[in-house]
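For reference, the chains in residue letters:
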Amino acid sequence: MNVRQFAAVSLSAAILFGGSFTSASAKGGADEKGYKETYGTSQITRQDMKDMINQHGDDKFTVPSFDASTIKNVESATKTDENGNKIKMDVWDTWPLQNADGTVAEYKGYQIVFGLAGDPKNPNDTFIYMFYKKAGDDSIDAWKNAGRVFDDEDKNKADDKYLPGQLEEWSGSALFTDDGEIRLFYTNRGDFDESKELFGRQTLTTAQVNVSEKGDKDLQVDGIEDHKSIFNGGDGKTYENVEKAFEDRNFNNNHTFRDPHYIEDKGHKYLVFEANTGTEYGYSGEDNLYNRAYYGKSMKFFRDELKNLQNSPKKETAELANGAMGIIEINDDYTFKKEKKPLLVSNTVTDEIERPNIFKKDGKFYLFTSARGSKMTIDGIDDEDIYMLGYVSNSLDGPFKPMNKTGIVLHQDLDPNDITWTYAHYVIPQEESDKFVVTSYMTNRGYFADHKSTFAPSFLLDIKNKKSSVVKDGTLEQGQITYDGQ
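Every chain is numbered independently, its residues counted from 1 as its sequence is written. For a predicted model such as this one, the threshold for reporting local features is a pLDDT of at least 70, and the threshold for listing and counting side-chain atom pairs is 80 or more; totals across whole chains, interfaces and linings nevertheless cover every residue. Side-chain calculation: all heavy atoms of the structure are included, whereas hydrogens and water are not.

**Brief notes about the overall build of the protein chain**
In step 1: Only DSSP runs of H or I with at least four residues qualify as helices, and only runs of E with at least two residues qualify as strands; both kinds are numbered from the N terminus onward. When you go through the protein chain residue by residue, the secondary structure sums to six helices and 27 strands.
In step 2: Relative to its length of 486 residues, the protein chain is compact, with a C-alpha radius of gyration of 22 Å against a globular reference of 23 Å.
In step 3: Expressed as lengths along the three principal axes of its C-alpha atoms, the size of the protein chain is roughly 80 × 50 × 45 Å.
In step 4: Contacts are assigned to residue pairs with any non-hydrogen atoms lying within 4.5 Å of each other. Taking as baseline every contact in the protein chain between residues at least 6 positions apart, the subset at least 24 positions apart corresponds to 62%.
In step 5: Where accessible areas are quoted, they stem from the Shrake-Rupley method and a 1.4 Å probe; at the residue level, only the protein chains shown are allowed to cover. Total accessible area on the protein chain stands at roughly 20,200 Å², and carbon and sulfur atoms take up 43% of it.
In step 6: Distance between charge centres in the protein chain, computed from 59 positive and 82 negative side chains, equals 5 Å. As a reference, a globule follows 2.2 Å times the number of residues to the power 0.38, and the radius of gyration itself is taken over C-alpha atoms. Positive charge is attributed to Lys and Arg, negative charge to Asp and Glu, and no charge count is given to His or to the chain ends. Taken as the charge centre is NZ of Lys, CZ of Arg, CG of Asp or CD of Glu, depending on the residue.

Right, dumping it as structure tokens:
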């Protein structure tokens with residue numbers, strides 16, 4: 001038992017049984033009041049999440065209800081298997097081709113989204129496809145499929161350490177550059193095979209996607225270039241790397257390092273991504289349970305919540321929980337430049353704060369993330385709770401403050417077997433408008449014979465500084481990504 005572990009165990013006894021304990025091992029010294037250390041990051045606190053429960057059911061934050069009878073599959077989302085059979089694919093996480101300011105880009109009069117798609121019967125069939133339509137036609141039937149972005153052999157063509165081990169392609173973002181090129185950022189997911197010391201490494205990756213117009217109605221992918229890895233955790237001090245995550249072979253540890261989202265600020269390029277805190281930023285372990293920064297401002301709440309955790313089946317999960325919104329700076333050639341401290345952390349709350357989405361609007365930076373109640377450690381939040389959380393800052397470096405007092409922006413409490421179940425909500429700023437379009441996917445993979453995972457109906461969101469609300473009667477077409485005010 002190391003010094004900090006001894007401090008944690010002794011402090012636990014002191015708090016629970018009314019004794020007093022002092023140790024220099026915790027930051028600033030720990031007594032029955034715990035210790036408080038933010039590591040210079042912003043926190044998703046347990047108190048905010050508890051208070052968020054009281055906001056469930058508020059129309060301002062509730063994902064709109066959708067008419068199941070109107071929901072369509074993405075008809076163009078098909079592929080042919082090795083036997084020549086046509087397969088209707090699931091389509092889930094999607095992201096549009098965006099300008100550097102986050103607004104939707106047009107490529108030769110087309111709108112483009114990239115998305116994860118695959119065979120509903122094969123959960124490992126997870127690859128990136130390109131869908132497109134003429135700008136102005138918002139019908140779901142307008143979306144065409146240009147096919148997979150990458151060929152199977154693309155990962156072996158680049159002189160890269162990590163690409164040859166890629167098994168799946170996971171979420172990311174896409175930039176329409178000032179030079180008129182399409183730059184894709186995504187997650188390379190490697191193999192998980194304990195016998196080979198492989199633990200599903202996730203690597204932030206990029207490529208230029210070459211696209212051309214075929215005739216006057218179609219786009220095609222003409223291959224990729226400059227395909228390369230960017231970053232997967234470094235030495236593990238700022239962000240947990242895969243070696244540290246599984247050094248003790250505890251596979252209850254939910255390691256995340258994915259979903260790169262591009263943003264520019266003051267002439268610099270950055271990627272914001274889902275991660276876990278590293279060894280110098282709180283990391284994970286029992287000692288985290290005594291850090292008041294993860295609870296909120298109330299000492300009474302800290303004492304009561306800690307006591308509850310000590311007797312809770314969620315205690316071990318809370319100890320391991322160290323989700324983070326990470327950020328790195330990248331060079332003009334999209335290679336790694338340097339790490340920066342996490343923008344937001346969710347220690348003791350959840351390991352997963354997914355699909356970061358960040359943009360600057362009216363001088364403020366808005367940061368959104370998707371989260372599942374099933375991954376959380378908060379009593380009163382259950383497996384059917386789905387969230388999009390939002391935070392705002394005057395600076396890209398933070399601090400990020402929760403929107404709507406607790407961070408809630410969207411909430412859904414729906415049976416996952418309902419075809420109108422949604423996830424991976426994504427906020428898209430609109431040109432010269434205070435309205436924002438929210439996209440997501442609908443219907444869980446492989447749950448139904450006839451209903452595939454598909455573009456959910458989009459809807460409008462009002463955002464004013466730290467307040468937001470779902471626009472009443474603001475439901476749009478399935479997969480709609482722009483709104484012209486009509």
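Still to come is the rest of the account.
**A look at the sheet that holds strand β6 (residues 127-134)**
In step 1: For two strands to be treated as a pair, DSSP must find at least two bridges joining them. Strand order in this open sheet of eight strands is β7-β6-β5-β4-β8-β9-β12-β13, and the pairing throughout is mixed. A single partner strand is all that each edge strand has here, and the edge strands are β7 (144-148) and β13 (218-231). Going from strand to strand, the sheet's axes swing by 30 degrees on average, the running direction of each strand aside.
In step 2: Of the strand pairs in this sheet, strand β4 (residues 90-98) and strand β5 (residues 110-118) are connected by five bridges, and their pairing is antiparallel. Of the residues in β5, the one forming a bridge with Trp95 is Phe114. Axis angles are defined between N-to-C directions and span 0 to 180 degrees, where every axis is a line fitted to C-alpha atoms and, for a helix, only to the segment in contact.

**Considerations on helix α5 (residues 299-310)**
In step 1: Helix span, expected: 1.5 Å multiplied by one less than the number of residues in the helix. Helix length check: α5, at twelve residues, gives a terminal C-alpha distance of 17 Å against a target of 16 Å (1.5 Å per residue), a fit within 8%.
In step 2: Here a polar contact means two N or O atoms within 3.5 Å. Within protein one must be a hydrogen donor candidate and the other an acceptor candidate, and residues neighboring in sequence count only if both atoms are side-chain atoms. The opening residue of α5 is Ser298, an N-cap whose side-chain oxygen sits 3.3 Å from the backbone nitrogen of Lys300.

**Concerning a positive patch on the surface**
In step 1: Judged by side-chain charge, Lys36, Lys297, Lys401 and Lys466 come together as a positively charged surface patch.
In step 2: With respect to the secondary-structure elements, Lys401 resides in strand β21 (residues 401-402).
In step 3: Of the residues examined, Lys401 reaches a relative accessible area of 44% and is grouped as partly exposed. Note on patches: the residues involved have over 30% relative accessible area and no salt bridge, like charges join within 9 Å, and the nonpolar side chains Val, Leu, Ile, Met, Phe, Trp and Tyr join within 5 Å. Salt bridge criterion: a side-chain nitrogen from Lys or Arg within 4 Å of a carboxyl oxygen from Asp or Glu. Working definition: with a 1.4 Å probe on protein chains only, accessible area under 20% of the residue-type maximum means buried, over 50% means exposed, and in between means partly exposed.

**Quick look at the sheet that holds strand β16 (residues 323-330)**
In step 1: Strands sit in the order β1-β17-β16-β15-β14 across an open sheet of five strands; the sheet is mixed. In this open sheet, the two edge strands, each paired with only one partner strand, are β1 (42-43) and β14 (258-265).
In step 2: Where β1 lies against strand β17 (residues 336-345), two bridges are found, and the strand directions are parallel. Pairing of Ser42 across the sheet is with Leu344, part of β17.

**Let's talk about unusual backbone geometry**
Most of the time, phi is negative for any residue but glycine, and the peptide bond is trans.
In step 1: In this structure, the amide linkage connecting Gly398 to the following residue, Pro399, adopts the cis form with an omega of 0 degrees.
In step 2: With phi around 55 degrees, Lys266 is a residue other than glycine that occupies positive phi space.
In step 3: Tracing the backbone shows Lys266 in the loop between β14 and β15 (268-276).
In step 4: In this structure Lys266 comes out as exposed when scored by relative accessible area, which is 76%.
In step 5: For Thr348, which is not glycine, the phi dihedral falls at a positive 70 degrees.

**What to know about the confidence of the model for the protein chain**
As a note on interpretation, predicted positions should not be read in detail where pLDDT is low.
In step 1: Every residue is assigned a pLDDT by the predictor, reflecting its confidence on a scale from 0 to 100. Looking at the protein chain as a whole, its pLDDT mean stands at 93, while 93% of the residues score no less than 70.
In step 2: Contacts for the low-pLDDT stretch residues 1-31, under 50 throughout, to residues beyond four places or in other chains number 51 contacts.

**Quick notes on the side chain of Asn241**
In step 1: With respect to the helices and strands, the residue Asn241 is situated in the loop between β13 and α4 (242-245).
In step 2: Engagement of the side chain of Asn241 in a polar contact is seen with the backbone nitrogen of Lys244, the distance being 2.8 Å.
In step 3: Those residues in contact with Asn241 that sit more than four places away from it in its chain are Asn232, Gly233, Gly234, Asp235, Gly236 and His255.

**Brief notes about the side chain of Lys269**
In step 1: With respect to the secondary-structure elements, Lys269 resides in strand β15.
In step 2: Of the polar contacts made by the side chain of Lys269, one reaches the side chain of Asp332; its length is 3.1 Å.
In step 3: Apart from residues lying up to four places away in sequence, Lys269 is in contact with Tyr262, Ile263, Glu264, Ile328, Glu329, Ile330, Asn331, Asp332 and Tyr334.

**Digging into the nonpolar core**
In step 1: What we call a nonpolar core is a set of buried Ala, Val, Leu, Ile, Met, Phe, Trp, Tyr and Cys residues that are connected through their side-chain atoms within 4.5 Å. Ranked by size, the top nonpolar core spans 46 residues in total, and within it Ile112, Phe114, Phe131, Val149, Ile182 and Leu184 carry the most contacts.
In step 2: Elements with a minimum of two residues in this core: β4, β5, β6, β8 (166-176), β9 (182-190), β12 (202-214), β13 and β23 (422-429).
In step 3: With sequence-adjacent residues up to four places away left out, Ile112 is seen in contact with Trp95, Pro96, Leu97, Tyr107, Met130, Phe131, Tyr132, Trp143, Ile182 and Leu219.
In step 4: Ile44, Phe273, Val349 and Ile353 belong to the second-largest nonpolar core, a separate cluster that totals 40 residues.

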